[in-house]
Amino acid sequence: MPARSFGQIGWPLCLLCWAAARPFASGESGRAEADFSIDADFPGGNIRVLSVEGDRAVVAPDLRDIQPGKWWFYWSLRFTAPAGTRAEIVFRERNPIGVRGPACSADGGATWSWMGADSVASFSLNGKPAWSFEARVPEGAAEIRYSGAIQYLETHLQAWLARHRGNPALRVEELCRSREGRCVELLRAGCLDADKAR
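Residues numbered from 1 in each chain as written. Predicted model: local features only at pLDDT ≥ 70, side-chain atom pairs only at ≥ 80, totals over all residues. Heavy atoms only, no water.

Student: What's the story with the sheet that holds strand E6 (residues 103–105) in this structure? I'm lost.
Tutor: To summarise the sheet geometry, strands pair through backbone hydrogen bonds and adopt either a parallel or an antiparallel arrangement. Taken together, the five strands give an open sheet; going across it, the order is E1-E4-E10-E6-E7, and neighbouring strands pair in antiparallel fashion. At either end of the open sheet lies a strand with only one pairing partner, and these are strand E1 (37–39) and strand E7 (113–114). As defined by bridge partners, strand E4 (residues 76–80) adjoins strand E10 (residues 143–147) across five bridges and the pair is classed as antiparallel. In the sheet register, Thr 80 faces E10, and the bridge partner there is Glu 143. (Pairing = 2+ DSSP bridges. Helix = DSSP H or I, 4+ residues; strand = E, 2+ residues; numbered from the N terminus.)

Student: I tried to follow the sheet that holds strand E5 (residues 86–92) on my own but got confused; where do I start?
Tutor: Within the open sheet, the five strands sit side by side as E2-E3-E5-E9-E8. Their pairing is mixed. Each edge of the open sheet carries a strand with a single partner, namely strand E2 (48–53) and strand E8 (121–125). Averaged over all neighbouring strand pairs, the angle between strand axes comes to 35°, with direction disregarded. The sheet contact formed by E8 and strand E9 (residues 128–136) spans five bridges and is antiparallel. The residue of E9 that forms the bridge with Ser 122 is Trp 131. (Axes fitted to C-alpha atoms, helices over the stretch in contact; angles between N-to-C directions.)

Student: What exactly am I supposed to notice about the side chain of Glu 185 here?
Tutor: You can see Glu 185 is positioned in strand E12 (residues 183–189). When its relative accessible area of 9% is taken as the criterion, Glu 185 is described as buried. A distance of 3.3 Å separates a polar atom in the side chain of Glu 185 from a polar atom in the side chain of Gln 158. Within the structure, the side chain of Glu 185 is placed 3.2 Å from the side chain of Arg 182, a separation counted as a polar contact. Apart from residues no more than four positions distant in its own chain, Glu 185 is found in contact with Glu 154, Leu 157, Gln 158, Val 172, Glu 173 and Leu 175. (Buried < 20%, exposed > 50% of the residue type's maximum accessible area, 1.4 Å probe, protein only. Polar contact = N/O pair within 3.5 Å; in protein donor to acceptor, adjacent residues only side chain to side chain. Contact = heavy atoms within 4.5 Å.)

Student: Could you clarify how one ought to interpret the pairing of E9 in this entry?
Tutor: A regular strand carries its side chains on alternate faces of the sheet. Of the strand pairs in this sheet, E5 and E9 are connected by seven bridges, and their pairing is antiparallel. Pairing of Arg 92 across the sheet is with Ala 130, part of E9.

Student: Which parts of the structure should I look at to understand the side chain of Ser 147?
Tutor: Inspection of the secondary structure puts Ser 147 in strand E10. Engagement of the side chain of Ser 147 in a polar contact is seen with the backbone oxygen of Trp 75, the distance being 3.1 Å. There is a polar contact of 2.9 Å between the side chain of Ser 147 and the backbone oxygen of Ala 149. Ser 147 has contacts with Tyr 74, Trp 75, Ser 76, Pro 102, Ala 103 and Trp 112, leaving out every residue within four places of it along the chain.

Student: Would you mind showing me how to read the packing of aromatic side chains here?
Tutor: Here a ring pair, both rings aromatic, is described through the centre-centre distance and the interplanar angle of the planes. Tallying each qualifying case throughout the model produces five aromatic pairs. Ring geometry for Phe 36 against Phe 79: centres 5.3 Å apart, planes inclined by 35°, an arrangement best described as tilted. Residue Phe 36 is found in the loop between helix H1 (6–21) and E1, and its partner Phe 79 is found in strand E4; the two are separated by 43 residues along the sequence. Like Phe 79, Phe 36 is buried. Both rings, one in Trp 75 and one in Phe 91, keep their centres 4.9 Å apart while their planes meet at 55°; by these two values the pair is tilted. Of this pair, Trp 75 sits in the loop between strand E3 (56–60) and E4 while Phe 91 sits in strand E5; the two residues are 16 residues apart in sequence, bridging distant segments of the chain. A relative accessible area of 1% places Phe 91 in the buried class. An aromatic cluster is present here, built from Trp 75, Phe 91, Phe 133 and Tyr 146 joined pairwise through their rings. Of note, Arg 145 hangs over the ring of Phe 42, and the distance from its end group to the ring centre comes to 4.3 Å. (Phe/Tyr/Trp six-rings, centres within 6.5 Å; stacked < 30°, edge-to-face > 60°. Lys NZ or Arg CZ within 6 Å of the ring centre and 35° of its normal.)

Student: Would you mind going over the environment of His 156 with me for this structure?
Tutor: Within the secondary structure, His 156 is located in helix H2 (residues 154–163). As a C-alpha pair, His 156 and Gly 109 span 47 residues in sequence and 9.3 Å in three-dimensional space. When residues no more than four places from it in sequence are discounted, the contact partners of His 156 are Gly 109, Ala 110 and Gln 151.

Student: Please explain the nonpolar core as it appears in this structure.
Tutor: In this structure, Phe 36, Ile 38, Phe 79, Ile 89 and Tyr 146 are the most contacted members of the largest nonpolar core, which totals 24 residues. Secondary-structure elements contributing two or more residues to this core are E2, E3, E4, E5, E9 and E10. (Core = buried A, V, L, I, M, F, W, Y, C linked by side-chain atoms within 4.5 Å.)

As structure tokens, this is what we get:
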């Protein structure tokens, strides 16, 4: 595989790290005569539970940090239930699910896969457009995460940096501090010796 410059990989990585560091709204949890719960109390989590009836949960992205009157498509939820439990997750009025369907993770967000476009059903709910997918906790697990996009969080960055610790072509510095005082990493990659740089 040909080497890539920081300009090719660095800025997308910085943007992903910024998004992971930004404090998204924590969302709500919902349980109403159901044997499952939905929440966003984890890094990158973002969801509002509007209603739960039986095995159907109507949800929406949490727009707490968005300007009034604006809309944002990002969402990520945790579905907790006994293994094998199924539920219908419904978004209404505006569709935040991408063309590959939801992304899902059965290992706490470490790895992700796409469910596929055919996992999403479109229909009318109370006279308004709606889109849904089936959530199911896999055997041997107690929860599963779903998101509108595959997540890349601080834990992923730190795992990658650990694998490349000591590499002279990689340096981690501080770009700035977040509003909460967290270090926002700046990664420099390539020939970092000024005397050898061409």
